[in-house]
Amino acid sequence: MKYTDRELEELLNKLIASTRSPRGRFSAVASYPKLEKRLRVHSLRPTLPRAISAAAAVALLCLSVWTAYLYMQPAAIQTVSTLAETRTVRLPDGSSVTLNHYSSLSYPEKFQSDKREVKLNGEAYFEVSKDPKHPFIVQTGTIDVQVLGTHFNVDAYHDNPDVKTTLLSGSVAVSNKSKSVRMILKPNEIAIYNKVEEKLTRKVLENAEDEISWRQGEFIFDDLPLQEIARELSNSFGATIHIADTTLQNYRITARFRDGEDLATILSVLHNAGYFNYSQNNKQIIITAKPD
């Protein structure tokens, strides 16, 4: 038989009254089973918070496992490429990267490990957010550049024989892939890694800002060999420039061109200055020596 709360309450009251007479109808012995049933009903009520707590613990455990699973999944890789334009990219950590012409940068949608790693092909200027616990690493085909927070430029076009790292502020460590060669730069220094000789050299610059003049669309040739100028113009305009006369390759030129000068204008100016002759067929340019 089931009792309502009110009926059980009345039974308890009668039980209390009957304890004065052990032989009464509602003696303690006779009433105990009813009292026990009453106690069981009330004892179930405090277990509800415990059940809720257990359910919350299970939910929290499932959430933790799911979060760990998502964290362990490899982040999607983004690749940004440029053609005849420059482009600035904002990375997940707030760092800023400006890509030069015909360059590409690959980076994860979110930095998940203890390192912030990106891959560069071409040339880019970096302004890295400081985070000592998560070093920033620029990977190229032949060298890695590691920083904590600084401004620097990396010139790593695939066809160039040298990879150049120019430091404007802060500190960077430049190393080859095997880590057998490592160099720490100071501001206004450039590290030049020769791919053929696998040699890393250091050079002090009078003005490191000249190395990033491309950001303003300028070309600054300060006593540069013609072969280096040809490579820089090729990278910037997507043209093929061939120096037919090898004696011209190391011919040094000093010149400066402001923003907006196209390839035809630059070649024409250098030609008129008496440096060389050239012929052009679409984007195929051949440089020859001027006759004596």
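Our structure is the block above this text.
One structure accompanies this document, and this report is about it. (Residues numbered from 1 in each chain as written. Predicted model: local features only at pLDDT ≥ 70, side-chain atom pairs only at ≥ 80, totals over all residues. Heavy atoms only, no water.)

## A closer look at the overall build of the protein
Step number 1: Looking only at helices and strands, the protein features five helices and 18 strands.
Step number 2: Buried residues in the protein amount to 36% of all 292 residues.
Step number 3: Restricting the contact set of the protein to residue pairs at least 6 apart, pairs at least 24 apart contribute 45%.
Step number 4: Of the roughly 17900 Å² of accessible surface on the protein, 53% is carried by carbon and sulfur atoms. (Helix = DSSP H or I, 4+ residues; strand = E, 2+ residues; numbered from the N terminus. Buried < 20%, exposed > 50% of the residue type's maximum accessible area, 1.4 Å probe, protein only. Contact = heavy atoms within 4.5 Å. Areas by Shrake-Rupley, 256 points an atom, 1.4 Å probe, with all protein chains shown as cover.)

## Here we look at the side chain of Thr-150
Step number 1: Here Thr-150 shows up in the loop between strand S7 (143-147) and strand S8 (151-156).
Step number 2: A distance of 3.4 Å separates a polar side-chain atom of Thr-150 from the backbone nitrogen of Gly-170.
Step number 3: Non-local contacts of Thr-150, meaning those with residues more than four positions away in its chain, are made with Phe-126, Glu-127, Val-128, Leu-167, Ser-169, Gly-170, Ser-171 and Val-172. (Polar contact = N/O pair within 3.5 Å; in protein donor to acceptor, adjacent residues only side chain to side chain.)

## Some points on helix H5 (residues 263-272)
A turn of α-helix holds 3.6 residues, and therefore any two residues three or four places apart point the same way.
Step number 1: Buried residues of H5: Leu-263, Ile-266, Leu-267 and Leu-270, and no others. On an axial view of H5, the arc spanned by its buried residues comes to 95 degrees, and they lie on one face.
Step number 2: Buried positions along H5 lie against strand S14 (219-225), helix H4 (226-237), strand S16 (252-257), strand S17 (277-281) and strand S18 (284-288).
Step number 3: Of the residues trailing H5, Gly-274 is marked for its positive phi of about 95 degrees. (Arc of directions from axis to C-beta.)

## Examining H4
Step number 1: Here H4 spans 16 Å end to end across 12 residues, near enough to the 16 Å set by a 1.5 Å rise per residue.
Step number 2: Within the span of H4, buried status applies to Leu-226, Ile-229, Ala-230, Leu-233, Ser-234, Asn-235 and Ser-236.
Step number 3: Its buried side turned inward, H4 meets S14, strand S15 (240-243), S16, H5 and S18.
Step number 4: Downstream of H4 by one or two residues, Gly-238 has phi in the positive range, about 65 degrees. (Expected span 1.5 Å × (residues − 1).)

## Overview of the pattern of salt bridges
Step number 1: Within this structure, the stated rule accounts for seven salt bridges.
Step number 2: For Asp-144, the salt bridge identified is with Lys-179, shortest N-O distance 3.3 Å. A residue pair is termed long-range when its members are at least 10 positions apart, and Asp-144 in strand S7 and Lys-179 in the loop between strand S10 (172-176) and strand S11 (182-185) qualify at 35 residues.
Step number 3: The exposure class assigned to Asp-144 is buried, which follows from its relative accessible area of 8%.
Step number 4: For Glu-218, the salt bridge goes to Arg-258, with nearest N and O atoms at 2.9 Å. Residue Glu-218 is located in the loop between strand S13 (199-204) and S14, and its partner Arg-258 is located in the loop between S16 and H5; the two are separated by 40 residues in the primary sequence. (Salt bridge = Lys/Arg side-chain N within 4 Å of Asp/Glu carboxyl O.)

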